[in-house]
Amino acid sequence: MRILITGAAGFLGSHLCDKLLDEGHSVVGMDNFITGNPDNLAHLAGHERFSFIRHDVSNFIFVPGKLDAVLHFASPASPNPNSPYGYVNLPIQTMKAGALGTHNTLGVARAHDARFMLASTSEIYGDPLEHPQKESYWGHVNPIGLRSVYDEAKRFAEALTMAYHRFHGINTCIVRIFNTYGPRMRIDDGRVVPNFLSQGLKGERLSIFGDGSQTRSFCYVDDLINGIYKLLISSIHDPVNIGNPSEISILEFAKIINRLTSNNAGYELKPQQRGEGDPQRRRPDISRAREILNWEPEIDVEDGLEKTIPYFKEKLGIP
Ligand code: NAD
Ligand code: UDP
């Protein structure tokens, strides 16, 4: 296949490029570097099956040549208001990437009669009232909350994707991605894994927002990418949760990171920086992915963090 990936210079997009090239496909990467980093693609320079277009997906997209699949991953993704890369500080760009970017990439898929994949998110469930979250859950999102620029853009994007599927017969799929971590995450995007790992490696106290009782379920990037690939080559149109169902409190997570980074500084409880709406619990129900994709994650959180630490050490200049 010849495949367009938007958000290619980001954390997940760059790993997807690698996976698709490894599987023998040709990849056209697209990114405007608003939160991504060209370094994430540097190793692909000169690759005969890889090309790159610098472009903002909010504007009309033209890709010469045939395309068999379009993967729309371009969007700011960190909720941290203290980072310049957090979507709270890029609100209009985030809504445009989710709304106009999805419209434009669906248009590309339609023009090429290509399979389309939307990178959606567990955030469409909001601060969930159902636990764990199944694909059938409609969510609990504040339409004017701080996170709404991301959540509502992704909900709109899902609705538009289904409209193109139902009305135009486009071969679409939707992956609802839960918290994923690994090498190539931006160290300063403010998400909990880069924050905790860099604090731990520098011997600083880990910044826990709130009392640390909120939970997340962390998936290592290789597991996620394998699930995404299985979904891409399937004929499924309904949304599929991809994530690791192993749930952990942020306090427990901080303790693991302090142990793995040999950090004796401990942690500090800080006021919740995210305002209302920081989801209190999050865990994917992955029954659908297990049944129809025969997929489940294989890497537990300690092994995944061990694989991630060398990348953050390198970024911090720690031997
Ligand atoms: P990231 O910030 O590392 O990557 C996003 C990429 O999109 C960046 O390279 C950025 O420059 C690019 N981009 C943003 N707006 C653009 C635009 N208008 N035009 C062109 N490029 C643009 O984030 P990520 O973690 O790799 O997330 C990738 C996708 O997966 C996003 O759509 C995100 O919503 C989704 N997702 C990620 C997670 C996760 O845990 N990492 C969870 C749920 C959903
Ligand atoms: N968090 C934290 N300290 C940090 C960064 C994040 O305690 O330095 C918390 C945050 O409040 C949230 C959880 O960790 O409850 C996960 O945050 P992340 O930014 O990774 O993404 P989210 O899952 O909220 O989208």
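Look a little higher up for the structure.
Below is a short write-up of the structure.

Each value, and the rule that gives it
- Residues numbered from 1 in each chain as written.
- Chains lettered and ligands numbered in written order.
- Predicted model: local features only at pLDDT ≥ 70, side-chain atom pairs only at ≥ 80, totals over all residues.
- Heavy atoms only, no water.
- Helix = DSSP H or I, 4+ residues; strand = E, 2+ residues; numbered from the N terminus.
- Expected span 1.5 Å × (residues − 1).
- Buried < 20%, exposed > 50% of the residue type's maximum accessible area, 1.4 Å probe, protein only.
- Near = heavy atom within 4 Å.
- Polar contact = N/O pair within 3.5 Å; in protein donor to acceptor, adjacent residues only side chain to side chain.
- Areas by Shrake-Rupley, 256 points an atom, 1.4 Å probe, with all protein chains shown as cover.
- Nonpolar A, V, L, I, M, F, W, Y, C, P; charged D, E, K, R; others polar.
- Pairing = 2+ DSSP bridges.
- Axes fitted to C-alpha atoms, helices over the stretch in contact; angles between N-to-C directions.
- Contact = heavy atoms within 4.5 Å.
- Core = buried A, V, L, I, M, F, W, Y, C linked by side-chain atoms within 4.5 Å.
- Salt bridge = Lys/Arg side-chain N within 4 Å of Asp/Glu carboxyl O.

## Side note on helix 1 (residues 11-22)
Alright, step 1. Between the first and last C-alpha of helix 1 there are 17 Å, a value that for twelve residues agrees with the 16 Å anticipated at 1.5 Å per step.
Alright, step 2. Buried residues dominate helix 1, accounting for eleven of its twelve residues.
Alright, step 3. Taken together, the buried positions of helix 1 are Phe 11, Leu 12, Gly 13, Ser 14, His 15, Leu 16, Cys 17, Asp 18, Lys 19, Leu 20 and Leu 21.
Alright, step 4. Positive phi appears at Gly 24, one or two residues downstream of helix 1, with a value of about 100°.

## Considerations on the site of ligand 1
Alright, step 1. The immediate surroundings of ligand 1 are formed by 30 residues, with Leu 12, Asp 31, Thr 35, Tyr 150 and Lys 154 found nearest.
Alright, step 2. In the environment of ligand 1, an oxygen atom lies 2.8 Å from a nitrogen or oxygen atom belonging to the backbone of Leu 12.
Alright, step 3. Taking 820 Å² as the accessible area of ligand 1 by itself, protein coverage stands at 96%.
Alright, step 4. Ranked by the residues each element gives to the shell around ligand 1, the list is headed by strand 5 (residues 115-121), at three residues.
Alright, step 5. The residue makeup of the shell around ligand 1, split by class, is 14 nonpolar, twelve polar and four charged.

## Some points on the site of ligand 2
Alright, step 1. Around ligand 2, a shell composed of 19 residues is seen, among which Ser 207, Phe 209, Arg 216, Arg 274 and Asp 278 lie nearest.
Alright, step 2. Between ligand 2 and the protein, one listed contact pairs an oxygen atom with a side-chain N or O atom of Gln 272 at 3.4 Å.
Alright, step 3. Here an oxygen atom of ligand 2 and a side-chain polar atom of Asp 278 are 2.7 Å apart.
Alright, step 4. Protein burial of ligand 2: of its 520 Å² of free accessible surface, 96% is covered by the chains.
Alright, step 5. Among the secondary structure elements, those contributing two or more residues to the shell around ligand 2 are helix 4 (192-201) and strand 8 (206-209).
Alright, step 6. Its residues assigned to classes, the shell around ligand 2 comprises six nonpolar, six polar and seven charged.

## Section: the sheet that holds strand 6 (residues 172-177)
Alright, step 1. Strand order across the open sheet formed by seven strands is 3-2-1-4-5-6-11, with parallel pairing between neighbours. Both outer strands of the open sheet, strand 3 (50-54) and strand 11 (240-242), are each paired with one neighbouring strand and no more. On average, each strand axis in the sheet is tilted by 20° relative to the strand beside it, whichever way the strands run.
Alright, step 2. Where strand 1 (residues 2-6) lies against strand 2 (residues 26-31), five bridges are found, and the strand directions are parallel. When the sheet's bridge partners are listed, Thr 6 is paired in strand 2 with Met 30.
Alright, step 3. Those strands touched by helix 3 (residues 148-168) are strand 5 and strand 6, and its axis lies near 155° from that of strand 5.

## A look at the nonpolar core
Alright, step 1. Ile 5, Leu 71, Phe 73, Met 117, Phe 253 and Leu 305 are the most contacted members of the largest nonpolar core, which totals 61 residues.
Alright, step 2. Among all residues touching Leu 305, those that are not within four sequence positions of it are Tyr 181, Val 193, Leu 197, Phe 253, Ile 256, Ile 257 and Leu 260.
Alright, step 3. Counting residues in hydrophobic clusters, the runner-up holds 21 residues, among them Val 63, Ala 74, Ala 109 and Ala 114.

## Points about the environment of Arg 216
Alright, step 1. Secondary-structure assignment places Arg 216 in strand 9 (residues 215-217).
Alright, step 2. With relative accessibility at 6%, the residue Arg 216 sits in the buried group.
Alright, step 3. The sequence separation of Arg 216 and Arg 205 amounts to eleven residues, and the corresponding C-alpha distance is 20 Å.
Alright, step 4. With residues near it in sequence (within four places) discarded, Arg 216 still touches Asn 179, Ser 246, Glu 247, Ile 248, Ile 250, Asp 278, Pro 279 and Arg 282.
Alright, step 5. A distance of 2.8 Å separates a polar atom in the side chain of Arg 216 from the backbone oxygen of Pro 279.

## Points about the pattern of salt bridges
Alright, step 1. Using the criterion set out here, one finds 17 salt bridges in the structure.
Alright, step 2. Measuring nitrogen to oxygen at the nearest pair gives 2.9 Å for the salt bridge that ties Asp 68 to Lys 66.
Alright, step 3. Residue Arg 283 pairs with Glu 247 through a salt bridge whose shortest N-O separation is 2.9 Å. Of this pair, Arg 283 sits in the loop between strand 13 (267-270) and helix 7 (287-293) while Glu 247 sits in strand 12 (residues 247-249), and the two are 36 residues apart along the sequence.
Alright, step 4. Overall, Arg 283 belongs to the partly exposed group, its relative accessible area being 26%.

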